[in-house]
Amino acid sequence: MNSWYSSRFSLLRIESWESEFTVFQPESEKTHFLNEMGLQILVMLDQSPTSLEVLCRKLSEYFTLQPDAQFLRQVAQILQRYEALGLIERVKESE
Amino acid sequence: MSEKNIPEQLKQDAVGEQTTAVSPPQPTRRRLLKSTVTIPVIMTLHSGAALARTSNLVGAVTDLDSAAKKMNDLEQARIVCVNPGDGLIEESSSTYDLGMNPTAVLGEASQDLETQAQNCQAGGGILISATAFTSLQGRGFFTDL
Amino acid sequence: MKVGQLSLDEFHALLIGQGLRVKMGPFNLSVQTRLPLLIRQLHQMYSHYSLAEEDEIVEFHVRVIPKHSIRQPLARLIRFEVDGRSPFPPVPVEQALATLEWGVNLVIAMRINHLLLFHSATVERNGHVLLLPAWPGSGKTTLSAMLMHRGYRLFSDEFGLMAPETGDFFPLPRLMPLKNQSIEIIRHYLPEAVLGPEIPGTLKGTVAHIRPPQASIERADEAAQPRWIVFPKWVAGAALRLESLPQSEAFLLLATNAFNYEVLGEAAFDAVTRLVRGCECRKLVYSDFDSALVALDELTDG
């Protein structure tokens with residue numbers, strides 16, 4: 001099973017606009033625009049490598065949601081997107 | 001922020017892929033930011049958006065069948081070799097920003113199409129589709145060809 | 001020394017010789033041409049601009065030269081060149097002024113990367129800059145013309161030039177190309193405005209340039225800090241709305257509106273963040289210029 005980790009989180013420049021965030025990623029020189037949950041994922045993955053299932057559970061608790069299969073899919077999709085952007089990296093459990 | 005106010009070039013599927021300045025808006029896939037607190041959202045700003053609005057973006061083609069050509073009076077086909085202008089809008093894409101006033105030249109009618117295409121690309125030019133060529137002509141470009 | 005202090009003969013000699021070296025806001029421009037029509041037009045339209053000092057560096061060297069076409073031997077065509085390169089296809093000689101002005105704007109948009117370039121009308125009132133960012137065709141030029149003849153100092157109808165380190169905005173008052181119906185609107189609203197010739201048949205239709213007021217050109221070296229950002233939108237028949245805009249939305253609109261946001265990287269991120277946090281951000285929907293001007297006056301009164 002895969003886990004994800006935002007090893008470069010500390011390098012990001014984050015500006016808060018109420019419940020939205022602009023994030024400058026120095027490595028790619030790209031600016032991203034995230035909502036609160038989008039940022040919270042990065043914060044949670046900065047603390048420790050986390051699997052999709054655990055991440056969804058933590059998010060559900062944080063945002064008081066009832067997680068369902070669709071939610072899991074949506075979070076999985078955004079993890080792939082974050083990985084492609086270099087915001088997070090995949091960690092094999094055996095590592 | 002309301003949906004209608006999200007800049008056109010940033011509208012996207014809430015958890016989907018990064019959009020580009022050339023993507024047409026897809027209203028049915030638009031999502032709000034604030035109202036979608038129950039799904040994570042990331043949008044990535046795209047470079048050169050302002051310029052793209054005043055420029056001409058076009059995808060390069062490589063196959064000779066779809067490449068734009070013009071016939072001369074002797075019914076010989078001449079490939080349309082387009083000046084890539086400001087170059088690729090992203091290194092990973094094949095979309096070129098031709099700049100505000102695209103220019104192009106025709107290949108040598110005496111050469112076969114493959115040689116014309118090779119010569120074009122060797123000189124830094126690109127081939128574009130017949131559709132893109134027609135579209136740009138409709139906007140007043142390449143009228144001297 | 002001002003261009004207008006040169007006789008037409010002296011002016012002509014510069015343009016056909018070493019080039020007319022003229023100050024355009026923070027840049028210097030050198031223009032060369034032998035076209036009599038363009039020389040006469042520039043003598044009138046550039047009369048308020050200052051000549052660059054001899055020891056000053058000129059950023060842009062442009063020429064407008066005749067172009068002979070084998071395909072159209074009778075056509076009188078011209079070509080715009082910058083540093084010996086020609087970014088545009090040839091156009092009829094009557095379009096020389098419009099091509100020169102667009103060419104210079106294009107060169108600024110493509111080459112200037114020490115400043116953050118917004119695609120924006122920019123004016124100053126009560127010592128502070130009002131930024132009006134908008135896409136082409138949004139009426140930036142018409143609105144700028146109205147504002148500058150109502151006591152606002154024109155910075156530019158096309159560019160917001162911002163120093164990323166200090167947040168200062170620099171004036172770049174250049175000729176402003178009114179298009180199609182806007183020409184008549186301005187003639188009606190502002191009979192005192194100085195307009196160049198109507199140039200039909202350009203890619204953008206009929207164009208006539210409006211000359212910035214003398215006071216705006218003479219104060220072109222006076223930078224100012226921004227205070228208001230208004231995203232204008234002209235909608236036929238719409239009632240006036242001047243509404244607050246969330247800062248996050250203003251950030252997105254500005255970052256994607258800038259010509260060179262990504263080129264400047266983190267400096268641009270910081271600059272846009274600081275700009276938005278320091279300004280009042282609004283969106284303006286209007287159909288009637290008078291009411292729009294009243295609303296902008298109220299906004300910038302304080």
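Our structure is the block above this text.
Not measured: the values here are computed from a predicted model.

A.B. asks: Explain the state of the cysteines to me, and be specific about the residues and the numbers.
C.D. replies: Two cysteines joined by a covalent bond between their sulfur atoms form a disulfide. Applying the stated criterion across every chain yields a total of 1 disulfide over all chains. The disulfide bridge from Cys81 of chain B ends at Cys120 of chain B, spanning 2.1 Å between sulfur atoms. When the S-S torsion is 85 degrees, as for the bridge of Cys81 of chain B with Cys120 of chain B, the disulfide is right-handed. Taken together, the positions of Cys81 of chain B in strand 4 (residues 77–82) and Cys120 of chain B in helix 2 (residues 113–122) put the pair 39 residues apart, joining distant regions of the chain. A residue is classified by how much of its surface remains accessible, and Cys120 of chain B, at 4% relative accessible area, is buried. With no disulfide of its own, Cys279 of chain C lies closest to Cys281 of chain C among cysteine sulfurs, the gap being 6.1 Å.

A.B. asks: Could you give an account of the interface of chain C and chain A, with specific residues and numbers?
C.D. replies: Counting from both sides, the interface comprises 13 residues of chain C and, opposite them, 12 residues of chain A. A buried area of about 1200 Å², summed over both sides, lies between chain C and chain A, and 61% of it is on carbon and sulfur atoms. Across the contact surface, chain C and chain A share 3 salt bridges. Across the salt bridge formed by Arg13 of chain A and Glu266 of chain C, the nearest N and O atoms sit 2.7 Å from each other. Between the two partners, chain C and chain A, sit 6 residue pairs in polar contact (both at pLDDT 80 or more). Those elements that place two or more of their residues in the side of chain C that touches chain A are helix 7 (247–257), helix 8 (261–264) and helix 9 (266–278) of chain C. At 6 residues, the largest contribution of residues to the side of chain C that touches chain A is made by helix 9 of chain C.

A.B. asks: I'd love a proper account of the sheet that holds strand 5 (residues 91–92) of chain C, names of residues and values included.
C.D. replies: Residues and elements named next belong to chain C. Ordered by their spatial adjacency, 5 strands build an open sheet running 1-2-3-4-5, and the pairing between neighbours is mixed. The open sheet has two edge strands with one neighbour each: strand 1 (20–24) and strand 5. Pairing analysis gives 5 bridges linking strand 1 to strand 2 (residues 27–33), with the strands arranged antiparallel. Paired with Val22 across the two strands is Leu29, which belongs to strand 2. This element, helix 1 (residues 8–16), spans strand 1 and strand 2 of the sheet and lies at about 90 degrees to strand 2. Across the sheet, helix 3 (residues 96–111) is in contact with strand 2, strand 3 (60–67), strand 4 (77–82) and strand 5; its angle to strand 4 comes to roughly 25 degrees.

The rules we used
- Residues numbered from 1 in each chain as written.
- Chains lettered and ligands numbered in written order.
- Predicted model: local features only at pLDDT ≥ 70, side-chain atom pairs only at ≥ 80, totals over all residues.
- Heavy atoms only, no water.
- Disulfide = S-S within 2.5 Å.
- Helix = DSSP H or I, 4+ residues; strand = E, 2+ residues; numbered from the N terminus.
- Buried < 20%, exposed > 50% of the residue type's maximum accessible area, 1.4 Å probe, protein only.
- Contact = heavy atoms within 4.5 Å.
- Buried area = accessible area lost by both parts, 1.4 Å probe.
- Salt bridge = Lys/Arg side-chain N within 4 Å of Asp/Glu carboxyl O.
- Polar contact = N/O pair within 3.5 Å; in protein donor to acceptor, adjacent residues only side chain to side chain.
- Pairing = 2+ DSSP bridges.
- Axes fitted to C-alpha atoms, helices over the stretch in contact; angles between N-to-C directions.

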